[in-house]
Amino acid sequence: MAEMWVNFGPQHPFTHGLWRLKVKVDGETVTDVEPTIGYLHRGVEKIAENRTWYQFIPYNDRLCYVASIAWSEGYIGAVEKLMDIEPPERAKYLRTISFELQRIASHFVWLAAYAIDLGNFTAMLFAVREREFILDLLSRLTGHRMTYNYPRFGGVARDAPIGWEDRVVRNLNRIERKMKDFIDLMTENETFLKRVQGVGVLPRNKAKAWGVTGPVARGSGLKTDVRYNDPYLLYEEIGFEPVVMKDGDCYSRYMVRMQEIFESINISRDLAEKMPSGDIQIKAPKKPPEGEVFNRVEVPRGEASYYIVSNGGNSPYRLKIRSPAYIHIQSTKVIMPGHNVADLPAILGSLDVCLGDTDR
Amino acid sequence: MSWYDSALLNPVYSKALEILSPLITETGAKVLLALIESFIIIMFVMINVLVVVYLERKLLGRMMNRRGPVYAGPPIVWGFFQAIADFLKLLTKEVFRPARADPLTYTAGPAIVVFAGLAIGLMVPFGEGLVGLRNEASLLYIIALASLEPLGVMLCGLSSNNKYSLIGGSRAAAQMISYELPAILVLVTTALLAGSIDVLGIAKAQDIWYIILLPLGFVIYLITVLAELERTPFDIPEAESELVAGFMTEYGGMYYGMLMAAHYIGVFVTACLAVAVFLGGYGFYGMEILQASIHPALFTIVTLVVFLIKVYAVIFLLIWIRAAYFRLRIDQLLELGWKRLFPLAIVNLFWAMGILFAMG
Amino acid sequence: MANFVKRVIGAMKVPAEYLLQRPITIQYPDERMEVPEGYRGHPLYTLNHCTLCRACERACPVNCIEFNIETKSDGTKYLKGFYLDLGRCLFCGFCADACPTDCMIMGPKLELMEFERGELVYGIKKFQKLTKEVQPYIRPYYKRSHAVKPKNCIGCLICVMTCPVDAISEVTVDGKRTISVDPEVCAGCGHCVSNCPGGVLDLVEYRGGSK
């Protein structure tokens with residue numbers, strides 16, 4: 001067969017969202033790829049300039065719809081810095097717990113997608129099944145299953161219902177127990193290991209040069225995690241330590257995420273057990289003063305940052321969002337060439353892109 | 001020899017011949033009855049295909065902690081008619097052909113695949129006397145027809161005028177041809193051991209089941225069956241995550257229905273062959289005693305039931321494997337085929353020769 | 001080698017385990033998941049004690065709420081139309097947060113599909129129907145009339161007369177004529193509160209039980 005261009009996307013089971021990967025194949029070997037994004041552009045940054053500070057909160061949930069709370073946290077944190085207010089202790093606990101629960105839920109979505117990418121339906125359904133127990137917790141806390149709209153300037157939207165902390169411990173214990181299924185079915189499955197070990201290597205220097213963050217960078221041996229480098233909320237108190245793997249292949253990215261699930265389970269369970277009582281919301285001003293602010297948080301996919309300029313008006317003067325998945329999509333250009341066509345889903349799945357925040 | 005020679009159908013056959021001969025001459029009656037017989041065999045295979053589809057959906061569902069089809073069907077076997085509902089739905093859909101697809105080969109592909117599967121069913125001994133066409137060289141016939149299937153799949157892939165289909169079709173060709181060899185070697189080994197190239201002869205020669213004498217051969221045969229049927233972990237030609245549906249991408253409506261039917265016909269027929277060749281066919285301990293003590297027609301039914309029980313045990317194994325493994329890559333598959341299975345099949349052949357020498 | 005065999009065979013264990021267990025599926029149309037308390041369904045305009053302040057309209061980030069209010073010459077306002085476009089709604093709950101009288105609440109209804117885009121624009125009629133449907137759910141969230149200062153009661157019984165649902169009845173306590181509110185019947189309209197000359201009654205949150 002001569003070399004030819006094959007379109008993977010925008011409508012293709014491989015893409016994990018709405019984007020397109022033009023792949024140049026020589027038989028089964030990929031010689032070049034060209035990612036094309038922009039199909040999901042909604043102009044969120046421009047919308048922000050036409051909404052009040054409060055009204056923009058729900059839009060952050062829709063940036064990455066599988067990690068809603070994490071993104072709202074970024075925006076709320078930025079505006080809180082600008083307003084120079086600090087949420088009360090209980091609100092901090094609730095926000096950290098929901099943030100970590102969101103990370104588990106998001107990683108389960110990734111796990112489900114990764115299993116189906118590599119051709120096993122069982123692990124996919126198990127991942128979705130376990131995610132349901134997180135959604136149960138979050139829907140009881142926030143009142144929704146997907147776009148939670150939970151954090152507020154200087155607190156949270158509502159208090160945890162009675163017995164919620166026990167429920168957190170109970171559900172997380174169940175998930176921790178059921179993680180054994182994934183270890184049997186994926187981590188210790190020869191057919192799975194054959195597909196991920198040594199595939200899609202992103203060396204440490206290239207990872208640094210391309211600016212990848214989150215589990216992808218940690219899988220390449222870079223110890224970068226906003227929760228560790230620049231702690232916010234309660235991460236300084238709990239002495240957070242990121243998971244780092246050295247090899248930089250799909251397997252180490254997979255292992256980083258799997259261990260992060262355990263880590264997040266531990267963090268949120270510990271916090272739920274020692275949750276303080278008290279206020280959940282302080283009175284926040286209607287609008288922040290004039291100034292500019294930069295805030296970054298560790299969303300499940302990597303480092304998300306908000307740069308906001310305020311002129312003291314009712315709405316942001318300028319709001320810039322930095323998405324980790326945007327960088328990861330571009331890095332397909334260095335990782336993918338030279339691999340087999342069948343490796344593309346394995347590599348892309350391990351990058352865990354989300355097009356909602358890439359295109360914004 | 002045909003199904004009419006069995007004690008079950010012989011009385012009906014002679015009666016029908018008696019009635020029809022005066023009307024349309026004896027030759028005409030025989031031709032008509034032969035047509036009816038092949039129709040009976042095809043219906044028998046198709047009914048079993050329905051059962052296979054049902055079992056696959058239901059058992060896979062239960063293995064994945066879900067229920068599988070539930071609504072269409074009578075009590076106890078909830079959801080049994082789901083396959084019929086799907087069939088009716090596909091039947092009512094528009095038969096679509098891409099504008100630049102080659103009309104003849106596009107249509108011939110599914111037809112060849114279905115024909116190859118059904119035609120094998122003619123020579124499989126389903127029970128005492130229940131062989132559609134008894135022939136001294138039926139194993140050769142089966143091997144010849146089994147190698148017709150890759151041709152159909154390749155035609156599907158190449159004629160669709162679609163890049164995914166093209167890659168899928170070429171993958172299918174590579175996969176099936178490389179797995180044909182070990183499969184044939186293993187089948188020939190059993191023929192060697194039995195001293196016959198008749199499937200019924202091989203089945204009858206098994207005083208000790210060949211799965212006990214040739215455990216390695218059975219494992220190799222099972223793997224090649226998985227590869228030839230394109231089932232997980234070898235569902236590479238229709239690898240959903242990268243090739244959409246592989247060679248089936250452009251097929252819809254009843255063409256797609258035929259390809260799916262062909263898949264399940266293949267599952268049933270190859271399981272039948274595995275039973276005939278490795279699990280002693282319809283034989284069981286104390287068969288002779290039972291044969292002497294009960295009515296021949298009843299005995300035929302008993303052998304048929306025994307045969308089907310063994311077949312469904314093999315099919316259960318196939319379904320179980322599908323739930324547990326991930327899809328391999330095409331190069332890993334070819335490596336497994338040529339570097340592992342092929343030498344092992346030769347080892348298996350020498351092992352069988354050793355047994356022959358030992359037994360004198 | 002032993003490790004390899006374990007890695008190949010080990011994966012077969014999990015499906016076999018689950019084959020013998022009960023499925024975890026909730027068979028959706030037949031069985032439904034429990035909707036947690038306080039679930040945010042779609043915004044529900046209950047018409048209950050709406051003061052036409054239009055706070056929800058202003059709070060909405062996507063402008064999906066529209067009031068059509070007519071002002072008469074004497075300054076009284078009345079509601080001619082109310083539209084809520086669920087096709088644009090974000091389900092953020094800001095309207096319910098902004099509402100000062102709990103007239104706008106987040107209802108419990110989950111299944112909102114319609115065949116046409118236009119049918120997602122809910123009007124007053126639709127909301128009246130929906131309010132009746134979810135009555136048992138939203139009742140605890142209504143504020144109920146309650147005698148907060150029973151000492152002030154002068155026994156004029158204006159509240160008994162004004163109550164549209166006959167939730168208030170006359171009782172005699174220690175020989176003194178006073179009133180009693182049945183919270184199970186009260187619809188929380190607030191007419192009795194605005195008409196009471198002694199400031200006895202007020203709308204309070206009702207969560208079942210004695211209060």
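Refer to the structure presented above.
Residues numbered from 1 in each chain as written. Chains lettered and ligands numbered in written order. Predicted model: local features only at pLDDT ≥ 70, side-chain atom pairs only at ≥ 80, totals over all residues. Heavy atoms only, no water.

Student: What is the right way to look at the pattern of salt bridges in this model?
Tutor: Oppositely charged side chains can form a pair if their charged atoms are brought close together. Residue and element names in this part refer to chain A. Within the structure shown, the criterion is met by 43 salt bridges over all chains. Put simply, Glu45 and Arg360 hold a salt bridge, and the shortest N to O gap is 3.0 Å. In this pair, Glu45 sits in helix 1 (residues 44-49) while Arg360 sits in the segment after helix 15 (355-359), placing the two residues 315 residues apart along the sequence. Each member of the pair, Glu45 as well as Arg360, carries the same accessibility label: buried. Put simply, Arg145 and Glu132 hold a salt bridge, and the shortest N to O gap is 2.7 Å. Placement of the pair is Arg145 in the loop between helix 5 (121-142) and strand 4 (151-152) and Glu132 in helix 5, with a sequence separation of 13 residues. Beyond isolated ion pairs, a larger network of salt bridges with shared partners links Glu100, Arg103, Arg218, Asp225, Arg227, Glu260 and Glu298. (Salt bridge = Lys/Arg side-chain N within 4 Å of Asp/Glu carboxyl O. Helix = DSSP H or I, 4+ residues; strand = E, 2+ residues; numbered from the N terminus. Buried < 20%, exposed > 50% of the residue type's maximum accessible area, 1.4 Å probe, protein only.)

Student: For this particular structure, what's the right way to read the interface of chain B and chain C?
Tutor: A common way to report how large an interface is uses the accessible area buried once the components associate. Listed by partner, the interface residues are 14 residues for chain B and 17 residues for chain C. Regarding the contact of chain B and chain C, the summed buried area is about 1,500 Å², with carbon and sulfur atoms giving 56% of it. By the criterion of area lost to chain C, the three top residues of chain B are B:Arg62, B:Asn65 and B:Arg67, representing 43% of everything that side buries. Linking chain B to chain C there are one salt bridge. Of the charged contacts, one joins B:Arg67 and C:Glu31 as a salt bridge, the two residues approaching to 3.4 Å between their closest N and O atoms. Across the contact surface, chain B and chain C share eight residue pairs in polar contact (both at pLDDT 80 or more). (Contact = heavy atoms within 4.5 Å. Buried area = accessible area lost by both parts, 1.4 Å probe. Polar contact = N/O pair within 3.5 Å; in protein donor to acceptor, adjacent residues only side chain to side chain.)

Student: Looking at this model, I keep getting lost on unusual backbone geometry. Mind explaining?
Tutor: For residues that are not glycine, phi is negative in most cases, and the peptide bond is trans in most cases. Residues and elements named next belong to chain B. Of note, Asn65 is a non-glycine position whose phi angle comes to about 65 degrees, a positive value. Its place among the elements puts Asn65 in the loop between helix 1 (10-63) and helix 2 (82-92). Backbone geometry at Glu230 places phi at a positive 55 degrees, although glycine is not the residue there. Inspection of the secondary structure assignment puts Glu230 in the loop between helix 9 (215-228) and helix 10 (240-243).

Student: Which parts of the structure should I look at to understand helix 3 (residues 68-83) of chain A?
Tutor: Side chains three or four residues apart in an α-helix point the same way, a direct result of the helix having 3.6 residues per turn. Residues and elements named next belong to chain A. Look at helix 3: 23 Å from first C-alpha to last across 16 residues, which is about the 22 Å you get at 1.5 Å a residue. For helix 3, the buried fraction is high: 15 of the 16 residues fall into the buried class. With its phi angle positive at about 60 degrees, Asp84 sits one or two positions after the end of helix 3. (Expected span 1.5 Å × (residues − 1).)

Student: Help me out: how do you make sense of the sheet that holds strand 2 (residues 20-26) of chain A in this one?
Tutor: Sheets are built from strands that pair by backbone hydrogen bonding, the pairs being arranged parallel or antiparallel. Residues and elements named next belong to chain A. The three strands lie next to each other as 1-2-3, forming an open sheet whose pairing is antiparallel. Each having just a single partner strand, strand 1 (4-8) and strand 3 (29-36) make up the two edges of the open sheet. Geometrically, the sheet is characterised by an average inter-axis angle of 25 degrees between neighbouring strands, direction not taken into account. (Pairing = 2+ DSSP bridges. Axes fitted to C-alpha atoms, helices over the stretch in contact; angles between N-to-C directions.)

Student: Sorry, what's going on with the packing of aromatic side chains here?
Tutor: Working definition: an aromatic ring pair is given by the centre-to-centre distance plus the angle between the planes. All names here are of chain A. One pass over the structure, following the stated rule, counts 35 aromatic pairs over all chains. Their ring planes at 55 degrees and their centres at 6.0 Å tell us that Tyr75 and Phe153 sit as a pair that is tilted. Of this pair, Tyr75 sits in helix 3 while Phe153 sits in the loop between strand 4 and strand 5 (155-156), and the two are 78 residues apart along the sequence. Here Phe153 falls in the buried class, since its relative accessible area comes to 0%. Here the aromatic residues Tyr54, Phe56, Tyr59, Trp71, Tyr75, Phe153 and Tyr306 are joined through ring pairs into a cluster of three or more. Sitting over the ring of Trp5, Lys22 keeps its end group 5.2 Å from the ring centre. (Phe/Tyr/Trp six-rings, centres within 6.5 Å; stacked < 30°, edge-to-face > 60°. Lys NZ or Arg CZ within 6 Å of the ring centre and 35° of its normal.)

Student: What exactly am I supposed to notice about a nonpolar patch on the surface here?
Tutor: Residues and elements named next belong to chain B. On the surface, a nonpolar cluster with roughly 510 Å² of combined accessible area is contributed by Ile19, Leu23, Ile24, Leu32, Ile36 and Ile40. Here Ile24 shows up in helix 1. Ile24 gets classed as partly exposed once you look at its relative accessible area, which sits at 37%. (Patch = residues over 30% accessible without salt bridge, like charges linked within 9 Å, V, L, I, M, F, W, Y side chains within 5 Å. Areas by Shrake-Rupley, 256 points an atom, 1.4 Å probe, with all protein chains shown as cover.)

Student: Got a minute to help me understand the packing of helix 2 of chain B against helix 11 (residues 253-278) of chain B in this structure?
Tutor: Two numbers describe a pair of packed helices, the interaxial angle and the distance between the axes. Residue and element names in this part refer to chain B. Helix 11 packs onto helix 2 with a crossing angle of 145 degrees between their chain directions and a minimal axis gap of 6 Å. The two elements helix 2 and helix 11 meet at a crossing, and its hand is left-handed. From helix 2, Phe87, Leu90 and Leu91 reach across to helix 11, where they touch Gly253, Met254, Tyr256 and Gly257. Its residues placed into classes, the contact of helix 2 with helix 11 shows five nonpolar, two polar and no charged. (Left-handed = near helix turned anticlockwise from the far one by under 90°. Nonpolar A, V, L, I, M, F, W, Y, C, P; charged D, E, K, R; others polar.)

Student: Just checking my understanding: could you explain helix 3 (residues 103-121) of chain B for this structure?
Tutor: Over its 19 residues, helix 3 of chain B runs 28 Å from end to end, which matches the ideal 27 Å to within 8%, given 1.5 Å per residue. Considered for burial, the residues of helix 3 of chain B that qualify are B:Tyr106, B:Gly109, B:Pro110, B:Ile112, B:Val113, B:Val114, B:Ala116, B:Gly117, B:Leu118, B:Ala119, B:Ile120 and B:Gly121.

Student: Just to check I follow, could you spell out the sheet that holds strand 6 (residues 291-299) of chain A for this structure?
Tutor: All names here are of chain A. With antiparallel pairing, three strands are arranged side by side in an open sheet as 6-7-8. Two strands bound the open sheet, and with one partner strand each, they are strand 6 and strand 8 (318-322). Averaged over neighbouring strand pairs, the angle between their axes works out to 10 degrees when direction is ignored. Pairing of strand 7 (residues 302-310) with strand 8 involves five bridges; the strand directions are antiparallel. Counterpart to Val309 in the pairing with strand 8 is Arg318. In this fold helix 3 packs onto strand 6, strand 7 and strand 8, with an angle of close to 150 degrees to the strand it touches most, strand 6.

Student: Would you mind showing me how to read the interface of chain B and chain A here?
Tutor: Listed per partner, the contact involves 27 residues of chain B and 35 residues of chain A. Both sides together, the interface formed by chain B and chain A hides about 2,700 Å², and carbon and sulfur atoms give 60% of it. It is B:Ser241, B:Phe326 and B:Arg329 in chain B that bury the most area against chain A; as a group they hold 27% of the surface buried on that side. The interface formed by chain B and chain A includes two salt bridges.

Student: Can you walk me through the side chain of A:Glu260 in this structure?
Tutor: All names here are of chain A. Counting through the fold element by element, Glu260 comes out in helix 11 (residues 250-273). Look at Glu260 and you get buried, because its relative accessible area is 1%. There is a polar contact of 2.9 Å between the side chain of Glu260 and the side chain of His107. Other than its neighbours up to four places away in sequence, Glu260 contacts Arg103, His107, Pro215, Arg218, Arg227 and Val243.

Read these as spatial facts, not as claims about activity.
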